[in-house]
Amino acid sequence: MKKKVLKKKLNIKSIYGYVRCEEKICLNKYKPLKVPKILIGKQKCQICKNIMQKDDSKHIDAVYKLYDKSKLKVIDYVFKNFDLKKFHKIIDTYKEGMVDEFCNIVLKCVKKYNPKYIRTNDEHEDDEQIFLEYLGELLKTGEFFLKFKKYFKIEKYFDSIVVENTLWNEAYIFFSKIDKKYRLILAHYGAHPGQDTITLMSTKNKFNLNETLKELNNYNQQYHDIDKENPQGEYNLNAPDFKVCKPFKLFDAFNAAKNLEY
């Protein structure tokens, strides 16, 4: 009796297929819809009313799952599975590197994280890279650590705009309530994201504002040295001293990455 029931269920499953709207201006474009096979070629889009096309993508089952509202967003999965103990063990092994390198340090602390599960319905996009850019912004601004207010606190934010919209530095010092350490993070921004870096400048037992500003301004000395070596350069860098500033905010452009699902 059980075998017959199972066979019946398998037969029901096989009569379904996927379609999607391919009208470019439709808000529903490319989103897969599971329908009985007899409706393939007949099913109309609920938004634009055009006939939806059969979707034979190899990854259609994974894409369909993206629209399951019970699934976590990628960033929510990261927050939920972030291993604080492991993070504290490895954070001070990081010194300086491209933003993706710091992202990878953080992702090593996320239990069972696997980038292959990040999916969108756009085969032309690199889903993992989109997410890494978003995660990078959370780390450059310090917003990532604010999600764990029980364990982290950002004491101060700093910035120094060397060349408007081309070259600037931002920094923040965050305190860990777990190991009682203050860490100074500096984010260097270049003309395009590929030039951005993150530096863990120091880890200390105490926070002193004047000492922190001195440490940051020593970093800026490199720009003054460039001015001396090349006084006729395209830019007069003349980097201003770092100053305390308001908390950093993410650009709205990252909303799409924020909604990537896992």
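Residues numbered from 1 in each chain as written. Predicted model: local features only at pLDDT ≥ 70, side-chain atom pairs only at ≥ 80, totals over all residues. Heavy atoms only, no water.

**Notes on the overall build of the protein**
Inference 1: Helix and strand counts for the protein come out as 9 helices and 9 strands.
Inference 2: Buried positions account for 40% of the 262 residues belonging to the protein.
Inference 3: Long-range contacts, defined as pairs at least 24 residues apart, comprise 58% of the intrachain contacts of the protein with a sequence gap of at least 6.
Inference 4: Summing over all exposed atoms, the protein offers an accessible surface of approximately 16600 Å²; the carbon and sulfur share of this is 51%. (Helix = DSSP H or I, 4+ residues; strand = E, 2+ residues; numbered from the N terminus. Buried < 20%, exposed > 50% of the residue type's maximum accessible area, 1.4 Å probe, protein only. Contact = heavy atoms within 4.5 Å. Areas by Shrake-Rupley, 256 points an atom, 1.4 Å probe, with all protein chains shown as cover.)

**Some details on the sheet that holds strand β8 (residues 197–204)**
Either a parallel or an antiparallel arrangement is found when strands of a sheet pair, and the pairing is made through backbone hydrogen bonds.
Inference 1: Here we have 6 strands laid out as an open sheet, ordered β4-β8-β7-β6-β5-β9, and antiparallel in their pairing. Among the strands making up the open sheet, the edge pair consists of β4 (96–98) and β9 (243–245). Neighbour-to-neighbour, the strand axes of this sheet turn through a mean angle of 25°, independent of strand direction.
Inference 2: Relative to the sheet, helix α5 (residues 99–107) contacts β4, β7 (181–189) and β8, its axis offset from that of β4 by approximately 105°. (Pairing = 2+ DSSP bridges. Axes fitted to C-alpha atoms, helices over the stretch in contact; angles between N-to-C directions.)

**Some thoughts on the pairing of strand β6 (residues 167–176)**
Inference 1: Most of β6 is tucked away: 9 of the 10 residues are buried.
Inference 2: Here 10 bridges tie strand β5 (residues 152–163) to β6, and the two strands are oriented antiparallel to one another. Counted as the bridge partner of Y157 is Y172 from β6.
Inference 3: Adjacent in sequence and paired antiparallel, β5 and β6 are bridged by 3 residues, among which N165 carries a positive phi angle near 65°.
Inference 4: Judged from the 9 bridges that link them, β6 and β7 form a sheet pairing that is antiparallel.

**Overview of the sheet that holds strand β2 (residues 32–36)**
Inference 1: Read across the open sheet, the 3 strands follow the order β2-β1-β3; overall the sheet is antiparallel. Unpaired on one side and paired on the other, β2 and β3 (53–54) mark the two borders of the sheet.
Inference 2: Note: strand β1 (residues 16–20) against β3, 2 bridges, orientation antiparallel. From the neighbouring strand, V19 faces β3, where its bridge partner is K54.

**Comments concerning the packing of aromatic side chains**
Inference 1: Applying the stated criterion to the full structure yields 20 aromatic pairs.
Inference 2: Between the aromatic rings of F82 and F87, the centroid separation amounts to 5.4 Å while the plane-to-plane angle is 55°, which identifies the pairing as tilted. Across this residue pair, the class does not change: F82 and F87 are buried.
Inference 3: Centre to centre, the rings of F82 and F148 are 5.3 Å apart; their planes meet at 40°, and the pair counts as tilted. Of this pair, F82 sits in the loop between α3 (74–80) and α4 (84–90) while F148 is found in the loop between α7 (143–146) and β5, placing the two residues 66 residues apart along the sequence.
Inference 4: What makes F82 buried here is its relative accessible area of 7%. (Phe/Tyr/Trp six-rings, centres within 6.5 Å; stacked < 30°, edge-to-face > 60°.)

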